[in-house]
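# Coordinate analysis (summary)
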Amino acid sequence: MNTPKVLVINGPNLNFLGIREPNVYGHDNLASIEANLTAQSHDLGVSVECFQSNSEGAIVDKIQQAYGNTDFILINAGAYTHTSVAILDALSAVSIPFIEIHISNVHAREEFRHHSFLSAKALGVIVGFGVDGYTYALDKAARYLKAKAEH
């Protein structure tokens, strides 16, 4: 049996975690989040591939490349959450289940952050738990994939 593959996508400015507004996003950097997810993936019996881009097109390309070889996507699309129909269309096209993640509570922030183009198609949305949202999402993805494999 192949190890289920989870793709973790981070959008614009998430490469600046730990530097950018630590009062909002915390002090952890993206490399530490990715290292924690990789370690957690071993315990959960899944493999993790991490990807970050500030470019909407690169994110769309990565989602399309996941077709046929990825079992689940965790995505923090950053600001593209609120603007990108292209990312939504790519996620819809590949039909890979995904969880939308936000480090901050976007609903307690500026009005424009309250709307997500992705949420309606997501298996779930994790908002406002800081970087722990990534570990919660990976745990849920692994449990979802295990349940799916048992049926």
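Residues numbered from 1 in each chain as written. Predicted model: local features only at pLDDT ≥ 70, side-chain atom pairs only at ≥ 80, totals over all residues. Heavy atoms only, no water.

- Looking at an unreviewed UniProt entry, one finds the chain named 3-dehydroquinate dehydratase and attributed to Candidatus Anaerobiospirillum pullicola.
- According to the UniProt record, the Sequence similarities (unreviewed entry) comment for the chain reads "Belongs to the type-II 3-dehydroquinase family."
- What the UniProt record of the chain gives under Catalytic activity (unreviewed entry) is the line "3-dehydroquinate = 3-dehydroshikimate + H2O". (UniProt positions renumbered as here; feature names shortened; annotations may be inferred.)

## Quick word on the nonpolar core
- Grouped together as the largest cluster of nonpolar side chains are 21 residues, with contacts concentrated most on Val6, Phe72, Leu74, Ile99 and Tyr134.
- Considering each element in turn, this core owes the most residues, six residues, to helix α5 (residues 132-150).
- Here Ile99 is in contact with Phe72, Ile73, Leu74, Ile75, Gly124, Ile126, Ala137, Lys140 and Ala141, once residues within four sequence places are set aside.
- Judged by nonpolar contacts, the second largest core, of 20 residues, contains Ile9, Phe51, Ala66 and Ala77. (Core = buried A, V, L, I, M, F, W, Y, C linked by side-chain atoms within 4.5 Å. Buried < 20%, exposed > 50% of the residue type's maximum accessible area, 1.4 Å probe, protein only. Helix = DSSP H or I, 4+ residues; strand = E, 2+ residues; numbered from the N terminus. Contact = heavy atoms within 4.5 Å.)

## Some words on the packing of helix α3 (residues 56-65) against helix α4 (residues 85-94)
- In contact at an axis separation of 9 Å, α3 and α4 are set at 5° when each is read in the N-to-C sense. On the basis of their axis angle, the class for α3 and α4 is roughly parallel. Contact residues: α3 offers Glu56, Ile59, Val60, Ile63 and Gln64, while α4 offers Ala86, Ile87, Ala90, Leu91 and Val94. (Axes fitted to C-alpha atoms, helices over the stretch in contact; angles between N-to-C directions. Parallel < 35°, antiparallel > 145°, perpendicular 65-115°, else oblique.)

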